[in-house]
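One letter stands for each residue in the lines below.
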Amino acid sequence: MAFRELMKINLAHLALGLKPCRCVLFTQVREKKRWLRSYLFYLERKRKLEGPPLPKPRSHQPNWDYHAEIQAFGHRLHESFSVNLLKTAFVNPCYIKHEELKRQELGVDKVAIAVNLEDNNKLSEEGALFSHSYLTDCFTHTYPEMPSEGVAAIVGHITNQEVMSHVAKNLGVEDLALTAEFPVPQDVLQQTLFAVIGVLLQSSGPERTELFIRDFLITQLIGKDLFELWDVINPMGLLVEELTKRNIPAPEPRLTRTSGKTTALPLYFVGLYSNKKLLAEAPGETLFAAEEEAARVALRKLYRYTDNRRPWNFYKPQKEQIEQKFISSN
């Protein structure tokens, strides 16, 4: 308490005939321990030596209700799943083997070792077959000029482990999947997502499953170039084959422009001409690289997979689009 304030209080007390108050001192405590700083340094050093802690699955953390999370999974995706089938879809074979080994190590009887759970092998196979067939039909109708090898390359990219595991993680499949190890491997996530598609096929029918595949898998093609998905070793040879099928003369490469030819970074522009018409033009650091890139540009135009192509219509199913085109043509 300040000295002036104490004097004012004493004068007021004397005026009222009261005894003056005693001087009271207040001390401030910062509540910092001397051992705290060294202890925090020790924890930081230990964290650097041992590395970050191992990730824990969501089921090992508090406030976890597996049945409620299973039901919430369908509501999050606005899909109606059969709860029992959905639980089966998240049971992987590696989890069953791991649990049986645990019980065997603990000395449980042979009868009690077996885990009474059904794995997701059948559902995964069913979902994979439906996904491949639907994607193949979808891209065959969308890009009718593209050969079957190109369609298969696009379908293979969408259904590979990396893309499927990325979609599964963002949908929360990793938290619900019952597996032997965590983080969940990519192949297990791929199998689990195919099993979820199989459950949706049995629960809601093929139309809702097609919409699910369109919304979550086909959208992974956004921003992807055709030749990022399809590895063509000889683009000029493929272009000659495609032009021969269409009764178009073989392309003739011609040098149209050059820049910095005598420098360390030259640039060549090569154009492909057929029947005195420019098919495509592309740059390259060498004449061979520019010719190959020009062939790729021409193939994109033939297959109608260019950067300025019409955007994908995500609002109507592809079957409705095909029916409308058929009706309008008749």
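Here the structure is a predicted model, which means the values were calculated and not measured.

*Asks:* Even after reading the chapter, I still don't get unusual backbone geometry, so can you show me in this structure?
*Replies:* Note on backbone geometry: most residues besides glycine have negative phi, and most peptide bonds are trans. Residue Pro183 follows Phe182 across a cis peptide bond; omega there is 0°. For Pro183, the position within the fold is in the loop between α10 (173-176) and α11 (186-204). Not every positive phi belongs to a glycine, and Asn63 is a case in point at roughly 60°. As for its placement among the helices and strands, Asn63 is situated in the loop between α2 (34-50) and α3 (66-76). Look at Lys276: it is not a glycine, yet its phi comes out positive at around 65°. Mapped onto the elements of the fold, Lys276 is located in the loop between β2 (267-274) and β3 (277-284).

*Asks:* Explain the nonpolar core to me, please; I cannot follow it from the model alone.
*Replies:* In a soluble, globular protein the nonpolar side chains are often hidden away together inside. Grouped together as the largest cluster of nonpolar side chains are 63 residues, with contacts concentrated most on Phe73, Phe139 and Ile154. Considering every element that reaches this core, the biggest residue donor is α11, with 10 residues. If sequence neighbours within four positions are ignored, Phe139 has contacts with Val151, Ile154, Val155, Ile158, Ile218, Leu221 and Trp312.

*Asks:* Hey, could you run me through the sheet that holds β3 in this one?
*Replies:* Backbone-to-backbone hydrogen bonds join strands into a sheet, with any given pair of strands oriented parallel or antiparallel. Taken together, the three strands give an open sheet; going across it, the order is β1-β2-β3, and neighbouring strands pair in antiparallel fashion. Looking at strand neighbours, the two that pair on one side only are β1 (252-259) and β3, the edges of this open sheet. Averaged over all neighbouring strand pairs, the angle between strand axes comes to 25°, with direction disregarded. With seven bridges connecting them, β2 and β3 associate as antiparallel partners. Across the sheet, residue Phe269 finds its bridge partner in β3, namely Pro283.

*Asks:* Is there a simple way to think about the pairing of β2 in this case?
*Replies:* Remember that side chains alternate between the two faces of the sheet whenever the strand is regular. Here β2 lies mainly inside the structure; six of its eight residues are buried. As paired elements, β1 and β2 share seven bridges and run antiparallel to each other. Residue pairing in the sheet places Leu255 in a bridge with Val270 of β2. Hairpin remark: β2 followed by β3, antiparallel, with two residues in the connecting loop; positive phi at Asn275, about 55°.

*Asks:* Help me understand the environment of Gly172, please; the structure alone is not making it clear to me.
*Replies:* Here Gly172 lies in the loop between α9 (161-170) and α10. Sequence separation between Gly172 and Phe73 is 99 residues, and the spatial gap between their C-alpha atoms is 7.9 Å.

Cut-offs used in this document
Residues numbered from 1 in each chain as written. Predicted model: local features only at pLDDT ≥ 70, side-chain atom pairs only at ≥ 80, totals over all residues. Heavy atoms only, no water. Helix = DSSP H or I, 4+ residues; strand = E, 2+ residues; numbered from the N terminus. Core = buried A, V, L, I, M, F, W, Y, C linked by side-chain atoms within 4.5 Å. Buried < 20%, exposed > 50% of the residue type's maximum accessible area, 1.4 Å probe, protein only. Contact = heavy atoms within 4.5 Å. Pairing = 2+ DSSP bridges. Axes fitted to C-alpha atoms, helices over the stretch in contact; angles between N-to-C directions.

Function cannot be read off these values alone, since they describe shape.
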